[in-house]
Amino acid sequence: MDELKKYTEGTIVEKKITLPEKQAIRADIPNFADKLIEIADEERKFSYCPYSKFSVGAALLCMDGSVYTGCNVETAAFIGICAEKNALFKAVSEGKRGFLAIAVSGGAYEQPPKACTPCGSCRQALTEFVDPEEFAVIIRNEAGEIKSFTLSELLPYSFGPSNLM
Ligand code: ZN
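Description of the structure in this document.

Conventions we followed
- Starting afresh in each chain, residues are numbered from 1 along the sequence in its written order.
- Side-chain atom pairs in this predicted model are given and counted only at pLDDT of 80 or more, local residue features only at pLDDT of at least 70, and totals for whole chains, interfaces and linings cover all residues.
- Water and hydrogen atoms play no part in the side-chain values, which are based on all heavy atoms of the structure.
- Secondary structure counts use DSSP, requiring at least four H or I residues in a row for a helix and at least two E residues in a row for a strand, with both numbered from the N terminus.
- Each residue is assigned to one of three classes by its accessible area relative to the maximum for its type, calculated with a 1.4 Å probe on protein chains only: buried under 20%, partly exposed between the two thresholds, exposed over 50%.
- When checking whether two residues touch, look at their non-hydrogen atoms; a contact exists if any pair is within 4.5 Å.
- Areas reported here follow the Shrake-Rupley algorithm with a probe of radius 1.4 Å; residue values treat only the protein chains shown as occluding.
- For Na, K and Ca the donor cutoff is 3.2 Å, while for all other metals N, O and S atoms must lie within 2.8 Å; water is not among the atoms, so some sites may look incomplete.
- Paired strands, as defined in this entry, are two strands with at least two bridges between them according to DSSP.
- Structural elements are reduced to axes, namely lines fitted to C-alpha atoms, with helices fitted over the stretch in contact, and the angle between N-to-C directions of any two is expressed from 0 to 180 degrees.

**Here we look at the overall build of the protein chain**
Stage number 1. When its secondary structure is counted, the protein chain shows six helices and five strands.
Stage number 2. Going from N to C terminus, the protein chain has its helices and strands arranged as α-α-α-β-β-α-β-α-β-β-α.
Stage number 3. Relative to its 165 residues, the protein chain shows a buried fraction of 45%.
Stage number 4. In the protein chain, 65% of the contacts between residues at least 6 apart in sequence involve partners at least 24 apart.
Stage number 5. Put simply, the protein chain shows about 8,800 Å² of open surface, and 57% of that area lies on carbon and sulfur atoms.

The structure is reproduced here in structure tokens:
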């Protein structure tokens, strides 16, 4: 269990962040939500979605301030990956642990984005690596308004690493 705790708490991240720093960054999320959505919009252009024709881009903010992006990638065998998991797995595979927020931009291919929240599978994957009470999921609705939810609002009573400790 200590091993699992080590991985989920982020001893691998290059910059160990203190609690006051973490709180300051979280308090600042409304100020950079627009920027994170813009990055997700840009990433959405790389989506490979010939089957669903629904393109999604995601931008994941790490505790060290870096941002990892991901788009959805589909295959003819209907095995693919969502934008959110793509961004998360890219970051984790490069040693990142501890994340503050993810912005998601999605909609019908080559159409303006619509309100698009992570699917259930992505919500579960994010739960593995974040504090669901504090991690922010940022979307923009059809009216162009930015909305922010905590992960626990989108996945209440979730089953995560703490259930195994
Ligand atoms: Zn998903």
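**Here we look at the coordination of the zinc ion**
Around a metal, the ideal angle is 109.5 degrees if four donors adopt a tetrahedral arrangement and 90 or 180 degrees if six donors adopt an octahedral arrangement.
Stage number 1. Protein ligation of the zinc ion involves Cys82 (SG), Cys119 (SG) and Cys122 (SG), the donor distances falling in the range 2.2 to 2.3 Å.
Stage number 2. Within one chain, the residues donating to the zinc ion are spaced in sequence as C-x36-C-x2-C. Of this pair, cysteine 82 sits in the loop between β2 (67-71) and α4 (83-93) while cysteine 119 sits in the loop between β3 (99-108) and α5 (120-127), and the two are 37 residues apart along the sequence.
Stage number 3. Of the residues examined, cysteine 82 reaches a relative accessible area of 26% and is grouped as partly exposed.

**Looking at the sheet that holds β3**
The strands making up a sheet associate through backbone hydrogen bonding, with each pair oriented either parallel or antiparallel.
Stage number 1. Taken in spatial order, the five strands line up as β2-β1-β3-β4-β5 in an open sheet, and their pairing is mixed. Two strands lie at the open edges of the sheet, namely β2 and β5 (146-150), each paired on one side alone. For this sheet, the mean inter-axis angle between neighbouring strands, taken without regard to orientation, is 20 degrees.
Stage number 2. The strands touched by helix α3 (residues 29-44) are β1 (54-62), β2, β3, β4 (136-140) and β5; relative to β3, the strand with the most contacts, the crossing angle is about 45 degrees.
Stage number 3. Sitting on the sheet, α4 touches β1, β2 and β3, and the angle it makes with β2 is about 140 degrees.

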